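Results of the structural survey
In case you want the letters, here they are:
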Amino acid sequence: MKIGIYYASTSGNTEIVSECLLETLGEDIAVKYDIEEVGFHDVEKNDILIFGCPTWDYGNLQSDWEERWEEFEGLNLGGKTVALFGVGDQYGYPEWYLDAMGIIYDSLVSRGVHPIGQWKIDGYEFEKSRALTPDGKHFVGLAIDEESQSMQSKPRIAQWCCDVLETYAATV
């Protein structure tokens, strides 16, 4: 199995999370790619794709994601297994918490990917998010708040990685 972790980071939080994902999954099966540097290099060679993005300002994609959006939208990902993680500040931006993850998710599902890795909203405080499942009980991917809940990041990442691997194994 090969897992590609594609992320972009401005303040460093999303990079920290991607590094923790890599450590948790193991470098024998996972590789991380900073899209600012390499874009979506080798995306087709991975069995599972993990995309990570922080939400900036009032519900926007991070700047490297914005710059690479056309390239991202042009990727043929139909049938690929995809998981997402989002990094945001639930107290500073409660009306837009993890909106960037929702934007990426919407783009992916419109192209026929197989999404995995939903995450319960329990333990978070926010007003709105574009990253919620239709029933509003889950995020479409792992939710991380390094600003206010950094002590919970590693345990959440560990549990989510187990969930993603178990879900993938059950579908193969």
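Just above sits the structure.
I will try to describe carefully the structure that is included in this document. Note that the structure is a prediction, hence the values are computed from the model and not measured. (Residues numbered from 1 in each chain as written. Predicted model: local features only at pLDDT ≥ 70, side-chain atom pairs only at ≥ 80, totals over all residues. Heavy atoms only, no water.)

**Considering helix 3 (residues 63-73)**
Buried residues of helix 3: Asp64, Trp65 and Phe72, and no others. When helix 3 is viewed along its axis, its buried side chains cluster within an angular range of 75° and face the same direction. Away from the buried face of helix 3 by more than 90 degrees, exposed residues Glu67 and Glu70 are located. Turning to helix 3, the residues buried within the fold contact strand 1 (3-7), helix 2 (35-38), strand 3 (48-56), strand 4 (60-61) and helix 4 (99-109). (Buried < 20%, exposed > 50% of the residue type's maximum accessible area, 1.4 Å probe, protein only. Helix = DSSP H or I, 4+ residues; strand = E, 2+ residues; numbered from the N terminus. Arc of directions from axis to C-beta. Contact = heavy atoms within 4.5 Å.)

**Focus: helix 4**
The element helix 4 is extensively covered by neighbouring structure, given that 9 of its 11 residues are classed as buried. Asp99, Ala100, Met101, Gly102, Ile103, Ile104, Tyr105, Ser107 and Leu108 are the residues of helix 4 that are buried.

**Some thoughts on a negative patch on the surface**
Residues Glu15, Glu36, Glu37, Asp57, Glu66 and Glu67 make up a contiguous surface patch of negative charge. When residues of the negative patch are traced back to their parent elements, those giving at least two are helix 2 and helix 3. Among the structural elements, glutamate 15 can be located in helix 1 (residues 13-25). (Patch = residues over 30% accessible without salt bridge, like charges linked within 9 Å, V, L, I, M, F, W, Y side chains within 5 Å. Areas by Shrake-Rupley, 256 points an atom, 1.4 Å probe, with all protein chains shown as cover. Salt bridge = Lys/Arg side-chain N within 4 Å of Asp/Glu carboxyl O. Lys, Arg positive; Asp, Glu negative; His and termini not counted. Charge placed at Lys NZ, Arg CZ, Asp CG, Glu CD.)

**Considering the side chain of glutamine 90**
Structurally, glutamine 90 can be placed in the loop between strand 5 (81-87) and helix 4. On the basis of relative accessible area, glutamine 90 is assigned to the buried category, the value being 1%. Side-chain polar atoms of glutamine 90 contact the backbone nitrogen of glutamate 125, separated by 2.6 Å. Not counting residues within four places of it along the chain, the set of residues in contact with glutamine 90 comprises Tyr97, Tyr124, Glu125, Phe126, Asp145 and Gln149. (Polar contact = N/O pair within 3.5 Å; in protein donor to acceptor, adjacent residues only side chain to side chain.)

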